[in-house]
Amino acid sequence: MESTLKYSDETDKCYGLTGMVIGLFIYDGEQYLSSITLDGGADSSIEFTPDFYFSGNPRLSPKSVWGHLLKQYELSVGMTVSNVVCRCLVHRDCPINFELRRALHDAVALEGRETCSLDDDEIDAIFDKCYGYMNRVFSHRSVQPIVRDFAARLNSHRTLHRDEMSDFLRALQAL
């Protein structure tokens, strides 16, 4: 198994983006999702609503600001982990090896240190909880056909907007 976090091809990217949308949904961040596209680069495949981005407000307390940054970090971890887990468990039908898990952890740990000034124990707790949960989600036999359908639709349409994704997200909610 390849130990890279990069997409191997366009189908792999479809599953990665599908995983990210599901991760965002699971972490109650679907209101921030505007659209996804196969034609975007690494940083532009998912378009978020303006509410997702922190614009800063001098009237907010430091505690509120930090809480917002922590929530964004948790959403980011959820999307990153679900991207890789979805690609491995659903698309490639293989477990995640230690090397890939470590690379995934290291990628989100750097962001946790820089964005939220979290220490390693806090990062590990967030990562381990998310990783375990996403493994259970994407291993679930009822979730996998929904993921495959979503990825196929993205592949055929190239771009999906929030309203076009809502049917799939409702199907997940029903589980």
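Residues numbered from 1 in each chain as written. Predicted model: local features only at pLDDT ≥ 70, side-chain atom pairs only at ≥ 80, totals over all residues. Heavy atoms only, no water.

Trainee: I tried to follow the pairing of strand E1 (residues 33–37) on my own but got confused; where do I start?
Mentor: Within E1, 4 of the 5 residues are buried, leaving the element largely enclosed by the surrounding structure. Where E1 lies against strand E2 (residues 46–48), 3 bridges are found, and the strand directions are antiparallel. Bridge pairing links Ile36 to Ile46 in E2. Here E1 runs beside strand E3 (residues 159–161); their pairing, made up of 3 bridges, is antiparallel. (Buried < 20%, exposed > 50% of the residue type's maximum accessible area, 1.4 Å probe, protein only. Helix = DSSP H or I, 4+ residues; strand = E, 2+ residues; numbered from the N terminus. Pairing = 2+ DSSP bridges.)

Trainee: What is the right way to look at the packing of helix H1 (residues 10–26) against helix H5 (residues 143–157) in this model?
Mentor: When two helices pack together, their arrangement is given by the angle between the helix axes and by the axis-to-axis distance. The geometry of H1 relative to H5 is characterised by a closest axis approach of 9 Å and an angle of 120° between their N-to-C directions. Regarding the angle of H1 to H5, the classification is oblique. Considering the relative orientation of H1 and H5, their crossing is right-handed. Touching Glu10, Cys14, Tyr15, Leu17, Thr18, Val21 and Ile22 of H1 are Val147, Arg148, Phe150, Ala151, Leu154 and Asn155, all from H5. Taken together, the residues that form the contact of H1 with H5 break down as 9 nonpolar, 2 polar and 2 charged. (Axes fitted to C-alpha atoms, helices over the stretch in contact; angles between N-to-C directions. Parallel < 35°, antiparallel > 145°, perpendicular 65-115°, else oblique. Left-handed = near helix turned anticlockwise from the far one by under 90°. Contact = heavy atoms within 4.5 Å. Nonpolar A, V, L, I, M, F, W, Y, C, P; charged D, E, K, R; others polar.)

Trainee: How should the packing of helix H2 (residues 62–91) against helix H3 (residues 98–116) be read in this particular structure?
Mentor: For the pair H2 and H3, the least separation of the axes is 10 Å and the interaxial angle reads 165°. Judged by the inter-axis angle, H2 sits roughly antiparallel to H3. Like other packed secondary-structure pairs, H2 and H3 cross with a definite hand, here right-handed. Contacts between H2 and H3 pair Trp66, Leu69, Leu70, Tyr73, Ser76, Val77, Thr80, Val81, Val84 and Cys88 from the former with Leu100, Leu104, Val108, Ala109, Glu111, Gly112, Thr115 and Cys116 from the latter. Grouping the constituent residues of the contact of H2 with H3 by class yields 13 nonpolar, 4 polar and 1 charged.

Trainee: Mind showing me how you'd approach the state of the cysteines here?
Mentor: Here, disulfide denotes a covalent bond that connects the sulfur atoms of two cysteines. Using the criterion set out here, one finds 0 disulfides in the structure. Of all cysteine sulfurs in the structure, the one in Cys88 sits closest to Cys86, which takes part in no disulfide; the separation is 9.4 Å. Using a relative accessible area of 0% as the deciding quantity, one classes Cys86 as buried. For the unlinked cysteine Cys130, the closest cysteine sulfur is that of Cys86, found at 13 Å. Look at Cys130 and you get buried, because its relative accessible area is 0%. (Disulfide = S-S within 2.5 Å.)

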